[in-house]
Amino acid sequence: MISENVATELSLEELRELVPQLQQITKKYKRSERIQKSLFDISELASSINELSNLYPAIHEIVSGFMPAKSFFVAFYEEEHEQIDFVYFVDEFDEQVIKKVSAEDLKNSLTGHLLRTGEHLFLTRENRHNLLQSMSIKDLGADSVDWIGVPLKRGAQVVGAIVVQSYDESERYTQEDLELLLFVSQHVVNCLDRVKSRELTEKTIRKRTKQLRQINEELQEEISERQKVEALQQALFEISELSASIEGNMDDFYRTIHEILSRLIGAPNCYIALVERNKNLLHFPYYKDKVNPQIQSRPIGLGVTEYIIRNGSAELIDKTKVQQLVENNEISAEIANSISKEMTSLIGVPLVVDGIIMGVIAVQSYGNEKTYNLKDLEFLRYISHHIAVALERKKYSEDIQAYNQRLAQEVKERTEELHATNLNLQKQIEERKQAQLKLEHDAHHDSLTGLANRALFNSRLDLALASKKRYVSHNYAVIFIDLDRFKQINDSLGHYAGDEFLKEVARRINACIRGHDLLARLGGDEFVVLFDNFETATDIEEISARIINSIAQPFNIDNKDVYSGASIGIALIENGYQKSDEVLRDADAAMYQAKSLGRGRYIIFDKTMRKQLLEELEIESAFRKVLNADGFESYSQTVFNLQTKDEIYDECYIRWEHPTLGRIKRGQYFQIAEQCSLTVEMDKFMLNKACDILRYWAANNQDINHQRKVAINLSIHHLTQPSMAKDLVEYIKCSGISPNKLVFEFDENALNRSSQFFLPAIKILKRAGITLVLDNFGSGLASLSYLYTYPFDYVKVDHLFVKSLPRSERNLKLIQSLKAISGHLHFKLIAEGINTEEQYQALLNAECELGQGKYLEASRKIDIDQNLDKAV
């Protein structure tokens, strides 16, 4: 009411004068209000903001509320580092970001002056230049219109500065803005200290919390590591216990190792591979895998396991590593494809003992199972050495155990053996005594028949000779028994049958002699008997006759009846004998005399036999010398065609004139050659003579038509084996003679001995082109099977059949029959021994084509040796 009165009382002029004052009061009021709000906001900042980085933009916003402050920065002086830190910097034109600058570099700048002096600065466009010059300050940065800077003091110490500046003419600063900023700056320092203190406290708390958390984590990690170490120690202890245990096999050992690994690192899939270097083989004694449950031993190749062995170090392998190994040719692509489909990761560690890799232990995971890391790798690497040592120790332990078992078994066996040896010692001694007695018996007895042998017989015979000299009236005799057809029995039925035959002969002879007579086998089919205490030689003759009759009975060998015979020579012991060999010699001579007289008889030795024996020895010796000296005389006799008188071939034969004994019969010296094993040399002599004749004919043009042939009598020796026949053909070819120029005559009696063995050799001679003749047909046990079986070109009838012609109608019919057969069997018939015209006419009438004899060709001697010498 009073105001209204006063207002009414004042004049309009006075009111007009009061308006500026009121405006000024209002302005001050608003400023005070802004200051109070700013101070309140600053106080709020001090209690609400915890970090200085958020405080500076808030202060910038508060200052902008009571004065223009588009360009604003806050800087603090760091006395310790002598740097100025622009903790907050916003400028309209100067976009360069300023952080920390050396105080020396800003010493003469506005900010440096402000911090150095602690005095505020208010620069305007009008006073800027003069103030800068008066204070020797360099103006840095963009030129502003107005610039106000106030120090931030903590007590009397300047700690920083707040600066605002304007680049706009419309936004000019006043002294009031300076005072307001000075006032606010004091509260800003308090707010900064409170926020900084709170920030430092929170940082300290956070740092401590972090430290405590880190300490807790380290403690938890240490606890975990200690637990792992304890688990590892427990695992190593279990492995050591396993390796030291002698019970349980290796399969249980491997299975327990797998359980330990599963407990420590998680290993559902595990395998152990061992290298067998001597076989270049990879062996898997333990393998457990859910994807591939089975695996076989394999040669060392390009697999993952082999790569670990070659590399010699622990490997952590995943799918990427598998592809790298394939690219580096460390593993094969086939193996890589088989494992990379399912495998997630694999750890493989070599098992090393004394620097030598003995194998690999590996674990692997599939699909969503655990993915192994480097810690698992390091763990398995650490434990692998202990596993390797345990494996080696376990293997060594098993080897020692097996060795001890073998040793114990060997000791047991050796003990039993020694025990058995001790038990058998006496038995062996007895057996040795029996063996000694048997040796003594065997030394004096025949092993086959159990009869006395030559040594015992000679010993007993020597005693008999000594007794005969002392007691002349005592009679002693020796008979020498030789068996007929033994060789044929032995060759045809086999050696076993021959042995059985000899045993039966011994039994039969024993049955014929007296109990005190001594029967002995000298060897082969030769038996001897020593007789004593007999009355006359008739007693020995009777016993010999019984022996001959007994052996003449059939022998049943292998269910076959076999016949034999015996020829016996008897030597009556007289005072003239000095040695046992002399008695045996004479008994042997008597035996040969019995054989020559027709076998199956006995002969008592007399002195004429000794003379004959000496004569035979003389003939044998002379025969050897003549044969070696090529001293036989050669003759030939031609085979003619009876109708045309054409020559078919010439038979070459030899004659031997002994200086004292005269002409030796052909059969006699051939027998000597056979007895002396000189048949091969005799055959070669005859063959060489035939070749010489052919060469002589060729050299003297005596074989113009090349049709003349030479025949020789050949022994059957060359027919016993096909190889010998081949050698004979080769010998003829090497002599330069064509085999088709030769004629070989084989005696029928010789073929009778072993005819079944001669056919292969005869065929070889036939294929070589040699003409073959069966000689003396009908002289022995002739068989028509010869004519069917053997490929003879000619068959020569024995001269005995021709000799009786023409008187013997029977022999003539036989020759006619052979002539008829010859046409069918493709051989030609030769009549041998045609000595008279009557014989010739009879054969001609019988249509016999060929013949040989004195009538056809007077005996003419062809002195071949003389002719050959002339030719030379």
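Residues numbered from 1 in each chain as written. Predicted model: local features only at pLDDT ≥ 70, side-chain atom pairs only at ≥ 80, totals over all residues. Heavy atoms only, no water.

On to the overall build of the protein chain, then. A count of helical and extended segments in the protein chain gives 27 helices and 28 strands. Expected size for 872 residues packed as a compact globule is a radius of gyration near 29 Å; at 72 Å, the protein chain overshoots this value by more than 25%. Looking at the protein chain as a whole, 41% of its 872 residues are labelled buried. Contacts in the protein chain between residues at least 24 apart in sequence constitute 62% of all its contacts with a sequence separation of at least 6. Taken as a whole, the protein chain presents about 48,700 Å² of accessible surface, with 50% of it coming from carbon and sulfur. Charged side chains of the protein chain number 105 positive and 129 negative; the gap between the two group centres comes to 7 Å. (Helix = DSSP H or I, 4+ residues; strand = E, 2+ residues; numbered from the N terminus. Rg over C-alpha atoms; globule rule 2.2 N^0.38 Å. Buried < 20%, exposed > 50% of the residue type's maximum accessible area, 1.4 Å probe, protein only. Contact = heavy atoms within 4.5 Å. Areas by Shrake-Rupley, 256 points an atom, 1.4 Å probe, with all protein chains shown as cover. Lys, Arg positive; Asp, Glu negative; His and termini not counted. Charge placed at Lys NZ, Arg CZ, Asp CG, Glu CD.)

Strand order in the open sheet formed by six strands is β9-β8-β7-β12-β11-β10, and the pairing between neighbours is antiparallel. Unpaired on one side and paired on the other, β9 (298-299) and β10 (315-318) mark the two borders of the sheet. When strand β7 (residues 269-276) meets strand β8 (residues 281-288), the two strands line up antiparallel, connected through six bridges. Looking at β8, one finds that Cys 270 is bridged to Lys 288. On top of the sheet, helix α7 (residues 250-265) reaches β7, β8 and β12 (356-366); it is set at about 60° to β8, its chief contact. (Pairing = 2+ DSSP bridges. Axes fitted to C-alpha atoms, helices over the stretch in contact; angles between N-to-C directions.)

Quick look at the side chain of Ser 564 now. Examined against the element boundaries, Ser 564 turns out to sit in the loop between β17 (560-562) and β18 (565-572). A distance of 2.5 Å separates a polar atom in the side chain of Ser 564 from the backbone oxygen of Asp 484. (Polar contact = N/O pair within 3.5 Å; in protein donor to acceptor, adjacent residues only side chain to side chain.)

As a further point, take the pairing of β18. With seven of eight residues buried, β18 is to be regarded as a mostly interior element. When strand β13 (residues 476-484) meets β18, the two strands line up antiparallel, connected through eight bridges. Residue pairing across strands places Leu 483 opposite Ala 566, the latter belonging to β18. Of the pairings in the sheet, the one linking β18 to strand β19 (residues 602-604) comprises three bridges and is parallel in character. Opposite Gly 569, over in β19, you have Ile 603 as the bridge partner. Handedness of the crossover is the feature at issue here: the chain leaves β18, passes through helix α16 (residues 580-596), returns alongside β19, and the resulting connection is left-handed. (Right-handed = clockwise from strand over helix to strand, strands pointing away.)

Running from N to C, helix α13 (residues 486-493) and helix α14 (residues 495-512) cross one another at 140°; their axes reach a closest spacing of 6 Å. The orientation of α13 relative to α14 falls into the category oblique. Contacts between α13 and α14 pair Phe 486, Ile 489, Asn 490 and Leu 493 from the former with His 495, Ala 497, Gly 498, Phe 501 and Leu 502 from the latter. Residue composition of the contact of α13 with α14, by class: six nonpolar, three polar and no charged. (Parallel < 35°, antiparallel > 145°, perpendicular 65-115°, else oblique. Nonpolar A, V, L, I, M, F, W, Y, C, P; charged D, E, K, R; others polar.)

Attention shifts here to the sheet that holds strand β5 (residues 146-154). If you trace the six strands from one edge of the open sheet to the other, you get β3-β2-β1-β6-β5-β4, paired in antiparallel fashion. Looking along the sheet, the strands with just one partner apiece sit at the ends: β3 (100-102) and β4 (121-123). Between one strand axis and the next, the sheet turns by 20° as a mean value, whatever way the strands run. As paired strands, strand β1 (residues 71-78) and strand β6 (residues 157-166) are joined by six bridges and run antiparallel to one another. In the strand pairing of β6, Phe 72 is matched with Val 164. Its contacts with the sheet place helix α4 (residues 110-117) against β1, β2 (83-90), β4, β5 and β6, and it is angled at close to 145° to β6.

Compared with an ideal rise of 1.5 Å per residue, which puts 18 residues at 26 Å, α14 spans 26 Å between its outermost C-alpha atoms and is within 8% of the ideal. Every buried residue of α14 is accounted for by Ala 497, Gly 498, Phe 501, Leu 502, Val 505, Ala 506, Arg 508, Ile 509 and Cys 512. (Expected span 1.5 Å × (residues − 1).)

For the structure shown, the criterion picks out 14 aromatic pairs. With 4.7 Å between their ring centres and 65° between their planes, Phe 501 and Phe 555 make a pair best called edge-to-face. Note that Phe 501 is positioned in helix α14 and Phe 555 in strand β16 (residues 555-557), a separation of 54 residues in sequence. Judged on exposure class, the residue Phe 501 and its partner Phe 555 are both buried. Both rings, one in Tyr 790 and one in Phe 792, keep their centres 5.8 Å apart while their planes meet at 45°; by these two values the pair is tilted. The two residues Tyr 790 and Phe 792 agree in class, both being buried. Put simply, the rings of Phe 73, Phe 86 and Phe 89 touch in pairs and so form one group of aromatic residues. Between Lys 684 and the ring centre of Tyr 731, over which it is positioned, the NZ or CZ distance is 5.9 Å. Over the ring of Trp 697 we find Arg 708, and its NZ or CZ is 3.7 Å from the ring centre. (Phe/Tyr/Trp six-rings, centres within 6.5 Å; stacked < 30°, edge-to-face > 60°. Lys NZ or Arg CZ within 6 Å of the ring centre and 35° of its normal.)

Turning to the confidence of the model for the protein chain, a few remarks are in order. Per-residue pLDDT for the protein chain has a mean of 82; in total, 92% of the residues score no lower than 70. Note on residues 859-872: pLDDT is under 50 here. Beyond four places in sequence and across chains, it has 19 contacts. (pLDDT = per-residue confidence, 0-100.)

Let's shift gears to the packing of helix α20 (residues 722-734) against helix α22 (residues 759-767). At a minimum axis separation of 8 Å, α20 and α22 run at an interaxial angle of 20°. Taken together, the axis directions place α20 and α22 in an arrangement best described as roughly parallel. Classified by chirality, the crossing of α22 by α20 is right-handed. Judged by residue contacts, Pro 722, Ala 725, Lys 726, Leu 728 and Val 729 of α20 engage Pro 760, Ala 761, Ile 764 and Leu 765 from α22. Its residues assigned to classes, the contact of α20 with α22 shows eight nonpolar, no polar and one charged. (Left-handed = near helix turned anticlockwise from the far one by under 90°.)

Our focus in this paragraph is a negative patch on the surface. Taken together, Glu 79, Glu 82, Glu 104 and Asp 105 make up a surface patch of like negative charges. Mapped onto the fold, Glu 79 is located in the loop between β1 and β2. (Patch = residues over 30% accessible without salt bridge, like charges linked within 9 Å, V, L, I, M, F, W, Y side chains within 5 Å. Salt bridge = Lys/Arg side-chain N within 4 Å of Asp/Glu carboxyl O.)

Counting buried positions over the nine residues of strand β20 (residues 633-641) gives seven, a clear majority of the element. Sheet analysis places β20 next to strand β21 (residues 647-658), joined by eight bridges and oriented antiparallel. Opposite Val 639, over in β21, you have Tyr 649 as the bridge partner. Taken together, β20 and the strand that follows it, β21, pair antiparallel across an intervening segment of five residues, in which Lys 645 is found at a positive phi of about 65°. Of the pairings in the sheet, the one linking β20 to strand β28 (residues 850-852) comprises two bridges and is antiparallel in character. Opposite Phe 640, over in β28, you have Gly 851 as the bridge partner.

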